[in-house]
Amino acid sequence: MGISVLAKLKEEKEKGNAVDAGLLRGSKTTVTRKAVLCYLFKGNAALLQLKSKDKFGAGYWNAPGGKIEEGESPEAAAAREVYEETGLAVNSLRLHGELLFVFEEDEEYNQQVFVFSSNDFSGSEKPSEEGILRWFDKDKLPFNAMWPDDKKWLPLLLDNKRFRGEFYFDSYKNKKLLRYKLEEI
Ligand code: 6OG
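Rules and cut-offs
- Residues numbered from 1 in each chain as written.
- Predicted model: local features only at pLDDT ≥ 70, side-chain atom pairs only at ≥ 80, totals over all residues.
- Helix = DSSP H or I, 4+ residues; strand = E, 2+ residues; numbered from the N terminus.
- Buried ≥ 20, exposed ≤ 12 C-beta atoms within 10 Å, placed from the backbone.
- Contact = placed C-beta atoms within 7 Å.
- Near = placed C-beta within 6 Å.
- Nonpolar A, V, L, I, M, F, W, Y, C, P; charged D, E, K, R; others polar.
- Pairing = 2+ DSSP bridges.
- Arc of directions from axis to C-beta.

> Which residues make up the overall build of the chain, and what are the values?
Secondary structure assignment for the chain yields 3 helices and 11 strands. Traced from its N-terminal end to its C-terminal end, the chain shows the element sequence α-β-β-β-β-β-β-α-β-β-β-α-β-β. Here the chain holds 185 residues, and the buried ones make up 31% of them. A sequence separation of at least 24 residues applies to 61% of the contacts in the chain between residues at least 6 apart.

Here's what the structure looks like:
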């Protein structure tokens, strides 16, 4: 690795844009996007959203979430996104872990995602333009219509565990999961 690349990575890291990618043996992956996901649970049900056309992950069921804004904490972003996308106000959140998603052919989509859950919220849900909402039985989640990484780590979240993971896809268009690393913490 040339010195200029190292210098650039150091600069990125100082700006908070580079994250350790252990699967690539200590190399750094530049991540400019930081986002959150927040699973809401009511008894045995989980609230998912069918991402609308033109949204990131369109056609997939996913938890409410989205990008962290400048100067915002992951917790604040999770509460804001849940409110904007569901109309529900979360009173408390549990942080389960951090996931790194890498799209090898589309670096601009690489993102670090903080994953939360909550069973402590109020209000009544209403959909947004991000997508329609539906409560699913925790044991009947629509994994065939969800991001391919979800079936790897979501069982840990459902088990109330904490974890860290890295998932490598070919491209945003293909969404083929090439390899991954996942550990409980
Ligand atoms: P917006 O661009 O919509 O934020 N996200 C993923 N979620 C899952 N389950 N799997 C992935 O594997 C994901 N990559 C990103 C994080 C993007 C939203 O999509 C989530 C954010 O909630 C690749 O603002």
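Resuming the write-up.
> Tell me about the environment of Asp149, and please be specific about residues and values.
Mapped onto the secondary structure, Asp149 falls in the loop between strand E9 (131–137) and helix H3 (150–158). C-alpha of Asp149 to C-alpha of Phe101: the two residues are 48 residues apart in sequence and 9.2 Å apart in space. For Asp149, the residues in contact, after removing those within four places along its chain, are Phe167, Leu177 and Tyr180.

> Run through the environment of Ser171, naming residues and quoting values.
Within the secondary structure, Ser171 sits in the loop between strand E10 (163–169) and strand E11 (177–184). Here the alpha-carbon distance between Ser171 and Tyr109, two residues 62 residues apart in the chain, equals 9.1 Å. Not counting residues within four places of it along the chain, the set of residues in contact with Ser171 comprises Phe103, Glu105 and Asp106.

> A description of the site of the ligand should follow, citing residues and the corresponding values.
In the vicinity of the ligand, 16 residues are found, and the nearest of them are Ala35, Phe56, Gly65, Gly66 and Trp147. Among the elements of the structure, strand E3 (33–42), strand E6 (65–67) and strand E8 (111–122) are those that each provide at least two residues to the shell around the ligand. Taken together, the residues that form the shell around the ligand break down as 7 nonpolar, 5 polar and 4 charged.

> Give me the lowdown on unusual backbone geometry, citing residues and values where you can.
Even without a glycine there, the phi angle at Asp54 is positive, about 75°. Of note in the backbone geometry, Asn160 takes a positive phi value of approximately 65° without being a glycine. Assignment of secondary structure puts Asn160 in the loop between H3 and E10.

> Tell me what's going on with the pairing of E3, and back it up with residues and numbers.
Alignment of E3 against E8, held across 8 bridges, turns out to be parallel. Paired with Tyr39 across the two strands is Ser117, which belongs to E8. Two strands pair when backbone bridges link them, and E3 and E6 are joined in this way by 3 bridges, in the antiparallel orientation. Within E6, the position partnered with Leu37 by the bridge is Gly65. Relative to strand E4 (residues 45–51), E3 runs antiparallel, the two sharing 3 bridges. Residue pairing in the sheet places Phe41 in a bridge with Ala46 of E4. Hairpin connection from E3 to E4: 2 residues lie between these consecutive antiparallel strands, with Gly43 at a positive phi of about 60°.

> Go over H3 with me, naming the residues and quoting the values.
Among all positions in H3, only Trp153, Leu154 and Leu157 are buried. Buried residues along H3 cover an arc of 105° about the axis, so they all sit on one side. On the buried face of H3, the contacting elements are E3, strand E7 (89–103), E8, E10 and E11. Phi turns positive, to about 65°, at Asn160, one or two residues after H3.

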